[in-house]
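Examining the three-dimensional arrangement
Take a look at the letters that make up each chain.
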Amino acid sequence: MGGTEHLTAERAGATLVLTLNRPEARNALSLPMLAGLHDGWLLADADDAIRSVVLTGAGGAFCSGMDLKALAARDTADDPVRERFKADPDLHWKAMLRHHRPRKPVIAAVEGPCVAGGTEILQGTDIRIAGESATFGLFEVRRGLFPIGGSTVRLPRQIPRTHALEMLLTGRAYTAAEAARIGLIGHVVPDGTALERALETAALINANGPLAVEAVKACVHDTAGLDETRALALELERGRPVFDTADAREGARAFAEKRPAVYRRA
């Protein structure tokens, strides 16, 4: 399916697999990689045949954060990739899922380092699976920097506040086992099998009604932080229309007829 420099995009059935592909730099984020990520999210949103997205990294690493040297080296006026970022100053935030939420579920398959910007992108994904030797952490404060990719807002909403502040303020590395214990990731699997497990999870999602899946994801996001009364009201707004779809009727028929459902996004 292609992709751009530093990122590949391939189809695995109804799943789009986006692979950060700078293994020599532990998949540090470059402008071409960020441009490719942005394009991948838009492709997944636009193509109804894509039911889920898996984000992973090549060469036994997920992402070691921003590659400042690579960004500086590409500072040329005629660079078409850089021109894209000049035209849309928000492009890198969309690529890192700070200012963009894909319609389709996003599953992270993590091997090796997933630190700094890698941990920030991770917080924009929905389901997270990691090899047992994976490492996580927000190292910005160790360098006198601020984790501006959304971590000071998202992390305390995704894991207990005390663990979020410890990760943010110490800048230390976390093992996969620690990340699972505090809730940053959902599953720890043998090294080298995170992608396989992610694709298995994606296949389970892909077999479900896509309108229902997308509505559930949107509702979980949109009700976060609301009081219970407003959140339950919004749940009805999101959920009721799903029951009126042809897909909902197909799901009931398939259950009664003991066969797999054939959903048509209708």
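Above this text is the structure in question.
Residues numbered from 1 in each chain as written. Predicted model: local features only at pLDDT ≥ 70, side-chain atom pairs only at ≥ 80, totals over all residues. Heavy atoms only, no water.

**Some points on the packing of helix α6 (residues 151-158) against helix α7 (residues 161-170)**
Close contact between α6 and α7 brings their axes to 7 Å; oriented N to C, the two are set at 145 degrees. Judged by the sense of rotation from one axis to the other, the crossing of α6 with α7 is right-handed. On α7, the residues touching Ser 151, Thr 152, Leu 155 and Pro 156 of α6 are Ala 164, Met 167 and Leu 168. When its residues are assigned to classes, the contact of α6 with α7 shows 5 nonpolar, 2 polar and no charged. (Axes fitted to C-alpha atoms, helices over the stretch in contact; angles between N-to-C directions. Helix = DSSP H or I, 4+ residues; strand = E, 2+ residues; numbered from the N terminus. Left-handed = near helix turned anticlockwise from the far one by under 90°. Contact = heavy atoms within 4.5 Å. Nonpolar A, V, L, I, M, F, W, Y, C, P; charged D, E, K, R; others polar.)

**Here's the deal with the pattern of salt bridges**
Inspection of every chain in the model, using the stated rule, returns 19 salt bridges. Two residues, Asp 39 and Arg 84, come together in a salt bridge whose shortest N-O distance is 2.9 Å. Highlighted residues: Asp 39 in helix α1 (residues 31-46) and Arg 84 in helix α3 (residues 80-87), separated in sequence by 45 residues. Note that Arg 103 is salt-bridged to Glu 214, the shortest N-O span being 2.6 Å. Placement of Arg 103 in the loop between α4 (91-95) and β5 (106-110) and of Glu 214 in helix α10 (residues 210-223) is noted, with a sequence separation of 111 residues between them. Taking the relative accessible area as the measure of exposure, Arg 103 reaches 31% and is therefore partly exposed. The class of Glu 214 is buried, set by a relative accessible area of 12%. (Salt bridge = Lys/Arg side-chain N within 4 Å of Asp/Glu carboxyl O. Buried < 20%, exposed > 50% of the residue type's maximum accessible area, 1.4 Å probe, protein only.)

**A few points about the environment of Pro 113**
For Pro 113, the position within the fold is in strand β6 (residues 113-115). We classify Pro 113 as buried; its relative accessible area is 15%. On a C-alpha basis, the gap between Pro 113 and Pro 23 in space is 11 Å, while along the polypeptide they are 90 residues apart. If sequence neighbours within four positions are ignored, Pro 113 has contacts with Arg 26, Gly 60, Ala 61, Phe 62, Cys 63 and Thr 135.

**Considering the packing of α1 against α3**
Packed helix pairs are specified by the crossing angle of their axes together with the interaxial distance, meaning the distance between the axes. It is at 9 Å that the axes of α1 and α3 come closest, and there the two elements cross at 60 degrees. Our classification of the angle between α1 and α3 gives oblique. Crossing of α1 against α3: the hand is left-handed. Between α1, through Leu 31, Pro 32, Leu 34, Ala 35, His 38 and Asp 39, and α3, the contact on the second element is made entirely by Val 81, Arg 82, Arg 84 and Phe 85. Its residues placed into classes, the contact of α1 with α3 shows 6 nonpolar, 1 polar and 3 charged. (Parallel < 35°, antiparallel > 145°, perpendicular 65-115°, else oblique.)

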